[in-house]
Every structure is written in C-alpha cells, then in structure tokens.
2 protein chains.
Amino acid sequence: MDAAAIREKLEATGLRCTPQRYTVMSFLMAHHDHPTAAEIFAAVNTADPRLSRATTYNNLRDLVEAGLVREVATEGRAARYDATGEQHHHFICDRCGKMEDIPWHPVPSPTANALGKRVVRECELIIRGLCTQCAPHRRTTPKPPTSKPSNHRSHN
Amino acid sequence: MDAAAIREKLEATGLRCTPQRYTVMSFLMAHHDHPTAAEIFAAVNTADPRLSRATTYNNLRDLVEAGLVREVATEGRAARYDATGEQHHHFICDRCGKMEDIPWHPVPSPTANALGKRVVRECELIIRGLCTQCAPHRRTTPKPPTSKPSNHRSHN
DNA sequence: ATGCCAACTTAGATTATGTCTAAGGTGAGA
DNA sequence: TCTCACCTTAGACATAATCTAAGTTGGCAT
Ligand SMILES: [Mn+2]
Ligand SMILES: [Mn+2]
Ligand SMILES: [Zn+2]
Ligand SMILES: [Zn+2]
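Definitions and limits used
- Residues numbered from 1 in each chain as written.
- Chains lettered and ligands numbered in written order.
- Predicted model: local features only at pLDDT ≥ 70, side-chain atom pairs only at ≥ 80, totals over all residues.
- Heavy atoms only, no water.
- Phe/Tyr/Trp six-rings, centres within 6.5 Å; stacked < 30°, edge-to-face > 60°.
- Lys NZ or Arg CZ within 6 Å of the ring centre and 35° of its normal.
- Helix = DSSP H or I, 4+ residues; strand = E, 2+ residues; numbered from the N terminus.
- Donors = N, O, S within 2.8 Å, 3.2 Å for Na, K, Ca; no water.
- Tetrahedral: all angles 85-135°; square planar, octahedral: opposite > 155°, others 65-115°.
- Buried < 20%, exposed > 50% of the residue type's maximum accessible area, 1.4 Å probe, protein only.
- Expected span 1.5 Å × (residues − 1).
- Arc of directions from axis to C-beta.
- Contact = heavy atoms within 4.5 Å.
- Least-squares fit on C-alpha atoms with pLDDT ≥ 70 in both.
- Domains from an automatic or database assignment.

(A) Representation of the packing of aromatic side chains in the model. Applying the stated criterion across every chain, the model contains zero aromatic pairs over all chains. In this arrangement the basic side chain of A:Arg118 is found over the ring face of B:Phe91, its NZ or CZ atom lying 5.4 Å from the centre.

What follows is the structure in structure tokens.
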C-alpha cells in the first residue's frame, strides 16, 4: 500500500496524518509479526528519531480506537487465571472487559495445508461482543463500567 | 470439592499442600471469573493474612506448571498489535511464544442457548502448539528459545 | 496574512504488574 | 533428632503502560 493510501486511511477516520503517526501505521502494515509497542518504538525511532516513546503509545491507542489496528492476545494488563476444570471457550465483553466461560464445543481445526509443519495442541475460541450486563445498554448509556478495563483516551 | 480432594490434587503433582497454596487453589476453584494475581492476593490476604504477595505469584506459577491452573488471555506481559487487514486466526507457540497468523475460516458460533443474552461481534480461534521452528525440536533439545517468553521457575 | 485553538508531540514522573534476592521457616524421612 | 529440599517472605528491582505539564503544529476563521 502506498503513502497516499495510508494517509487517506488515517484521515478517513479523523486522524491527522503526522509523520509520527504515518510511520507507526506504515510499520504495522509492513510487519505481520504482532510487534509490541517497545519493538515498534525501537525500530521506528532508530530509522528516524522523530518519534518518542509516549507518542508511540498515544498513536497505537488512537489507531486502535479508530479501528485501523487491533490489540491481540491480551485484554487489560494483568494475567488472569482459571482453574483448569472442563475444557471451555471464552467470551470477552467489548464494553466492560469481563471474561466469561462458554461451554465447550469442538471447533474445526484449520486444514493441514494452512498449518504447515506446526503441531497443534489445542484450539480455543475467543468470542467478543457484549455481555448480558452490557448488551441491554447498547443503544443507551454506552459509557464505560465505572472502573476496571477499556481505558478510553481524552488526550489531555 | 472438599479439602481432602484439593490436598490430594496438589500432592498428586508433587506439590506440598501448605496453607497458602491450599487457599490459592481453593479460591481459584471457587471463583470462575478469571481473577488476577492481585485480586487473589487481596481477597485471600484480607480473610487470612498468612499469604504474602510474592507467595501468591510463586504459587500461581507452581500451579500453572503443575497443570492445575492456566493463565488466560495473555502470553507475555506486553500488548501486541496487528494492523487489521483480512480477518484471521492466531497460532501461539507453546515453546517460543511466537504469535503467527492463520488464514481465516469461519468457525461455528456457540448455540444461542449457551450465549444467553450476549451479543456476539466476532469469533476468533486461538490455536496453541509448536511452530514450524520449534516442532522439529520436540524430542531433542527442548530448551527455551534463548530469550523472550516462557519463564520457568527454578525457585531459588 | 494573522492569530487562534484543538490536535498533536514530548521528556520525564508515576503507577501497575511481575520477578528476583537473600534470609528464614517447616516437615518428611533417614 | 537432624537434615535438606521445599516453601514463605519483605523488600528491591524490572518492565510496561499511563499521566502530566509544557511546547509545537497546522487548518481555518477573520
Ligand atoms: Mn475460563
Ligand atoms: Mn494477526
Ligand atoms: Zn460487559
Ligand atoms: Zn516456536
């Protein structure tokens, strides 16, 4: 994807296309290995030191809010634990961050073709949406749940 | 599950059933809301202050290693980012922690019955096992990948 | 053109979470 | 009874993320 396309993508969501923001977005689109904020900062800042650490975090947050980027494999900063009883799937609420158990049902593994030489141990489903608490509020007060997760940005 | 059963569970894996460890395990088995280490510490320590913060973390690590407990929704401490292109699933390597994209294929959503009033937005698969790099080593040098994730405990 | 102001960037302080260290306690078995 | 591996602990340390307060930029109204 070329520079103009990225600029458009950003501006379509109401974000200014600053050099810092452009570089972060561009880096993410060029690297499919799910880099961390620290990795992005290190790589980009080395090539062009016009990007600070705080701005890396700020921009990642903006891009996630804008839906151009997503955060994977973690919801909130702290690890969460689960006494391993029966196998089950998980539901994570977009609004309040709650993680709930969903009864197990087997899911189809990808084709051997898609997996290559990888060895599969388990296949679990992460379902995202609104929990029973939050679903009714969908069209009314969609504000965060008073405390815990999903920190939204006010910027200053 | 009664006290004796928990004690047996622990001792079957070679772990002593100390008051601290028993309480952590028992708490986890009684609470299905995926508590964090901090939450477990706060709850248990308030009821009976014989549990320290370090021991909470030590015991959670021991229980995870023993397979009695699992850590969910995070692999490593830092958030990882993904420019949202096409929808895809993820493969996470048990050995080196690498997170790789797996081509999308639709997965069956749980029954409406299992979901209740929850509103589903997306359904993604987390596949765990050994990546192509790590799979060949399965029966040979199974040592960790030099750095990054999967910290194992030596205890002292 | 000029000035304004919200959007943006920044260094550094602060908070949150997790790990390590060094010291001491405990108990199963010789 | 002695011993030693297993366990617990306070507090120091490390890392990831967020906040703060100040400065910069640039689109736009005048
Ligand atoms: Mn669960
Ligand atoms: Mn991905
Ligand atoms: Zn919710
Ligand atoms: Zn691997």
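(B) Spotlight on unusual backbone geometry. Despite not being glycine, A:His34 has its phi angle at roughly 55 degrees, a positive value. On the secondary structure map, A:His34 appears in the loop between α2 (19-30) and α3 (37-47).

(C) Spotlight on the coordination of the zinc ion (ligand 3). Residues and elements named next belong to chain A. Protein coordination at the zinc ion (ligand 3) comes from Cys93 (SG), Cys96 (SG), Cys131 (SG) and Cys134 (SG), with a distance range of 2.2 to 2.4 Å. Around the zinc ion (ligand 3) sit four donor atoms, and with donor-metal-donor angles ranging over 104 to 113 degrees the site reads as tetrahedral. Sequence positions of the donors to the zinc ion (ligand 3) reduce to the motif C-x2-C-x34-C-x2-C. The pair formed by Cys131 and Cys134 is uniform in burial state, with each residue classed as buried.

(D) Looking closely at helix α2 (residues 19-30) of chain B. Across its 12 residues, α2(B) extends 16 Å between first and last C-alpha, which sits within 8% of the 16 Å expected from 1.5 Å per residue. All of the buried residues in α2(B) are B:Arg21, B:Val24, B:Met25, B:Phe27 and B:Leu28. Buried residues of α2(B), seen end-on, are gathered within an arc of 160 degrees and therefore sit on one face of the element. Contacts from the buried residues of α2(B) go to β2 (80-83) of chain A together with α1 (3-12), α3 (37-47), α4 (53-66) and β1 (69-72) of chain B.

(E) Summary view of the relation of the copies chain B and chain A. With an RMSD of 0.3 Å, chain B superimposes on chain A once it is rotated by 179 degrees and translated 0.0 Å along the axis. These values place the two chain copies in the arrangement generated by a two-fold rotation axis. Looking at chain B, 98% of its interface residues are interface residues in chain A too, so the copies touch through the same face.

(F) Spatial organisation of the domain arrangement of chain A. The domains assigned to chain A are domain 1 (1-84) and domain 2 (86-137). A separation of 25 Å is found between the C-alpha centroids of domain 1 of chain A and domain 2 of chain A.

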